[in-house]
Amino acid sequence: MSNIKLDSNVPAGPNSEKWSKFKDDMKLVNPANRRKHTVIVVGTGLAGASASAALAEMGYRVKTFTIHDTPRRAHSIAAQGGINATKNYMNDGDSVHRLFYDTVKGGDYRSREANVHRLAEVSTSIIDQCVAQGVPFAREYSGELANRSFGGTQVSRTFYARGQTGQQLLLGAYQSMMRQVDEKAVELLTRREMLDLVMINGKARGIITRNLVTGETERHVADAVVLATGGYSRVYFLSTNAFNSNATAAWRCHKRGALFANPCFTQIHPTCIPVSGDNQSKLTLMSESLRNDGRVWVPKKKEDVKKNPNDIAEEDRDYYLERKYPSFGNLVPRDVASRNSKEVCDEGRGVGESGLAVYLDFRDSIQRLGESSIREKYGNLFHMYEEITAENPYQVPMRIYPAIHYTMGGLWVDYNLMSNLPGLFVLGEANFSDHGANRLGASALMQGLADGYFVLPNTLSDYLAKTTFTKASTENPEFKAAEDQVRADVKSLIEAGKKGTKTVMEFYRELGLTMWDHVGMARSEEGLKTAISKIQNLRREFHNGYKLVVQDEGFNKNLEVAGRVADFMELGELMAKDALSRRESCGGHFRVESQTEDGEAKRDDENFAYVAAWEYKGSVTDAVLHKEPLVFEDVHPSQRSYK
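Everything quoted here is computed from the prediction, not taken from an experiment. (Residues numbered from 1 in each chain as written. Predicted model: local features only at pLDDT ≥ 70, side-chain atom pairs only at ≥ 80, totals over all residues. Heavy atoms only, no water.)

Draft legend 1. Region of the structure containing the pairing of strand β9 (residues 224-227). Side chains A224 and V226 of β9 all project onto a buried face; the interleaved residues V225 and L227 project onto the opposite face, where all are buried too. As defined by bridge partners, strand β1 (residues 38-42) adjoins β9 across 4 bridges and the pair is classed as parallel. Among the inter-strand pairings, V42 is bridged to a residue of β9, identified as L227. In this structure, β9 lies alongside strand β17 (residues 424-426), joined through 3 bridges in parallel fashion. By the bridge assignment, V226 is partnered in β17 with F425. (Buried < 20%, exposed > 50% of the residue type's maximum accessible area, 1.4 Å probe, protein only. Helix = DSSP H or I, 4+ residues; strand = E, 2+ residues; numbered from the N terminus. Pairing = 2+ DSSP bridges.)

Pasting the structure below:
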């Protein structure tokens with residue numbers, strides 16, 4: 001058995017005082033010494049860009065890596081609806097405690113309280129920071145910043161910039177980072193993919209990257225490595241994430257010893273444009289903010305599903321979320337909305353050609369507020385929907401269906417956002433820490449910027465100040481060994497690519513379908529065992545031979561994808577293994593064997609109130625489970641109800 005001991009390093013004292021206590025007690029690096037330290041940041045989304053900007057502003061030397069040709073292509077740019085912060089501008093009773101409570105409850109009591117409370121505390125500073133950067137948040141007529149509500153809450157705390165919030169926030173962080181690039185404080189390396197982590201004397205001291213244009217491998221040394229590479233929902237093939245989104249950097253760190261926490265905790269987003277054909281490479285998200293003014297419904301009678309929705313009388317419409325959850329209505333959390341959409345479609349009341357869609361209808365809001373008001377709030381989203389579907393949502397209801405969107409699992413981190421590997425810090429969606437088993441809408445942007453701007457600059461400084469570093473360079477034998485392994489893996493992929501007839505994309509689609517069918521919205525013991533067996537067979541077949549269209553080590557998009565698919569196949573098995581071991585329902589993890597009489601998720605707090613942290617032991621099949629017990633001091637777990 002492994003001798004790993006999980007220590008969350010949470011400061012003593014009440015949750016409301018822990019972050020202040022940490023900052024009061026932390027060790028500092030004086031300004032003159034900061035320029036002696038180099039920090040590697042992998043990823044340029046909200047978490048990575050904000051961390052790079054903040055660390056460089058403090059005086060550290062930063063090397064930042066992105067797989068894109070420009071940091072502006074990071075997937076954070078696709079977030080639409082908003083960012084949460086507890087400013088209470090609407091005077092509707094919001095507070096730090098309420099945001100903290102909503103986030104823990106929304107995650108179905110499977111997140112670490114101390115981390116979530118810190119997130120709620122710093123949320124207000126995020127808005128001030130972004131306004132100072134010039135982020136064009138929506139404003140009221142008076143000039144005050146506007147707020148709207150999102151799923152899982154009864155207050156309006158979501159700041160937004162029409163349906164482009166992620167884009168505007170990313171541009172703010174990007175501009176701050178590029179200012180530091182111009183100052184020579186940040187060295188930005190584009191079109192680089194991290195393929196290995198280098199450990200020296202038990203500490204993370206560098207990475208091996210592959211230049212995606214030339215194919216060359218490169219060594220990079222530092223005193224700490226910050227991973228901000230996003231989530232792993234592309235393991236399902238079809239998801240709302242960009243095709244370039246992947247899990248390779250995190251997975252390679254996992255293989256070097258970083259624990260992977262709660263991999264089965266994935267989120268299904270309820271408002272996506274339904275699948276339209278077999279050749280799609282991704283799905284399109286319709287912002288959850290639309291549920292503020294749109295009403296979700298399906299016909300009451302199966303014989304009406306093919307009718308024009310405008311011809312279906314009011315009394316023949318089933319507004320099922322309003323009916324079942326009167327307190328929250330259409331603003332129930334994402335997991336609840338998604339499962340209910342699947343349920344009515346499984347009953348045969350789904351609409352559209354496939355029968356796998358429900359209506360999101362703005363008729364009543366347009367009549368109440370006027371079309372111009374709806375246009376002002378959601379115009380770009382409506383335009384995007386019409387471009388994709390050739391239907392005008394001002395005149396007919398949108399059709400939506402749940403899709404894989406976000407991953408709450410990720411590399412395990414302590415309170416300092418450091419993994420169990422000293423010197424490896426993990427930010428944003430790449431870590432597991434804040435969202436439990438289900439993320440509330442508009443909280444991803446909040447976490448990314450909180451981690452990068454306000455948490456990491458303190459915790460990383462504390463680590464650097466407390467740590468004695470031996471001199472290291474890219475000539476260390478550990479760098480050579482890691483680079484040799486990366487080159488061998490690339491050559492192995494090329495050799496396997498000469499032997500088969502199925503393309504990488506065919507394997508990828510098959511993996512995604514297996515994941516969606518068995519590790520999707522509803523999971524069962526039988527289905528999860530089937531998934532594990534199928535994935536193992538698929539992995540063997542893939543490594544025995546597939547068809548690599550271009551067999552070259554240089555610029556080769558197929559080779560890039562092949563490496564990521566190989567990692568997804570291992571990660572997919574771990575996700576199914578984790579879901580199988582968690583014999584309870586919680587948040588987005590719905591085990592059909594564990595539900596209440598009325599079909600809601602049924603937790604088992606006595607046996608499963610822990611973080612599942614998996615250790616790699618040479619193969620996924622032999623992975624070892626470690627458990628971090630969850631301690632609840634301020635929010636006591638109860639049956640989650642939104643009725």
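Draft legend 2. Summary view of the sheet that holds strand β19 (residues 624-629). The antiparallel open sheet is built from 4 strands, whose spatial order is β16-β10-β18-β19. Every other strand in the sheet has two partners, leaving β16 (410-411) and β19 as the edge strands with one partner each. The pairing of strand β10 (residues 260-261) with strand β18 (residues 610-615) spans 2 bridges and is antiparallel. Within the sheet, the bridge partner assigned to A261 lies in β18 and is A613.

Draft legend 3. Geometry of the domain arrangement of the protein. Per the domain assignment, the segments of the protein are domain 1 (270-402) and domain 2 (477-602). The C-alpha-based centres of domain 1 and domain 2 are spaced at 32 Å. Tallying the contact residues gives 10 residues for domain 1 and 8 residues for domain 2. If you look at where domain 1 meets domain 2, you find 0 salt bridges. Here domain 1 and domain 2 share 3 residue pairs in polar contact (both at pLDDT 80 or more) between them. Secondary structure elements with two or more residues in the side of domain 1 that touches domain 2: α9 (334-349) and β15 (398-407). Per-element accounting of the side of domain 1 that touches domain 2 gives the leading share, 4 residues, to α9. Residue composition of the side of domain 1 that touches domain 2, by class: 3 nonpolar, 3 polar and 4 charged. (Domains from an automatic or database assignment. Contact = heavy atoms within 4.5 Å. Salt bridge = Lys/Arg side-chain N within 4 Å of Asp/Glu carboxyl O. Polar contact = N/O pair within 3.5 Å; in protein donor to acceptor, adjacent residues only side chain to side chain. Nonpolar A, V, L, I, M, F, W, Y, C, P; charged D, E, K, R; others polar.)

Draft legend 4. Structural detail: the pattern of salt bridges. Summed over the entire model, instances satisfying the criterion amount to 55 salt bridges. Taking the shortest distance from any N to any O, the salt bridge between K301 and D316 comes out at 3.8 Å. With a gap of 15 residues between them, K301 in the loop between β12 (295-299) and β13 (317-318) and D316 in the loop between β12 and β13 connect regions that are remote in the sequence. With a relative accessible area of 35%, K301 lands in the partly exposed category. A salt bridge links D484 to K480; the shortest N-O distance between them is 2.8 Å. With D484 and K480 both in helix α13 (residues 477-496) and 4 residues apart, this pair spans about one turn of that helix. With relative accessibility at 35%, the residue D484 sits in the partly exposed group. Overall, K480 belongs to the partly exposed group, its relative accessible area being 47%. Linked through salt bridges whose partners overlap, the residues forming this network are D108, R110, D335, R339, R582, E584, R603, D605 and R640.

Draft legend 5. Spatial organisation of the sheet that holds β13. Overall, antiparallel pairing links the 5 strands, which are arranged β11-β15-β14-β12-β13 in an open sheet. Pairing within the sheet leaves two strands with one partner each, and these edge strands are β11 (266-272) and β13. Direction of pairing for β11 relative to β15: antiparallel, over a ladder of 5 bridges. Of the residues in β15, the one forming a bridge with I268 is I404.

Draft legend 6. Focus on helix α3 (residues 46-58). Look at α3: 18 Å from first C-alpha to last across 13 residues, which is about the 18 Å you get at 1.5 Å a residue. Those residues of α3 not exposed but buried are L46, A47, G48, A49, S50, A51, S52, A53, A54, L55 and A56. Along its buried surface, α3 packs onto β1, β2 (61-65), α6 (165-182), β5 (186-189) and α12 (444-466). Trailing α3 by a residue or two, G59 shows a phi angle of about 120°, which is positive. (Expected span 1.5 Å × (residues − 1).)

Draft legend 7. Fine view of the packing of aromatic side chains. For the coordinates displayed, the defined rule picks out 24 aromatic pairs. Consider the rings of W19 and Y415, whose centres lie 6.2 Å apart with planes at 65°: the pair is edge-to-face. With W19 in helix α1 (residues 15-25) and Y415 in the loop between β16 and β17, this residue pair connects regions lying 396 residues apart in the sequence. Summarising the burial analysis for this pair, W19 and Y415 share the class buried. Seen in terms of ring centroids, W297 and Y319 are 6.3 Å apart; in terms of plane orientation they differ by 50°. Their pairing is tilted. Taken together, the residues W297 in strand β12 and Y319 in the loop between β13 and α8 (320-324) connect sequence positions 22 residues apart. Lying over the aromatic face of Y642, K105 brings its terminal NZ or CZ to 4.5 Å of the ring centre. Above the face of the Y160 ring, R148 is positioned so that its terminal group lies 3.7 Å from the ring centre. (Phe/Tyr/Trp six-rings, centres within 6.5 Å; stacked < 30°, edge-to-face > 60°. Lys NZ or Arg CZ within 6 Å of the ring centre and 35° of its normal.)

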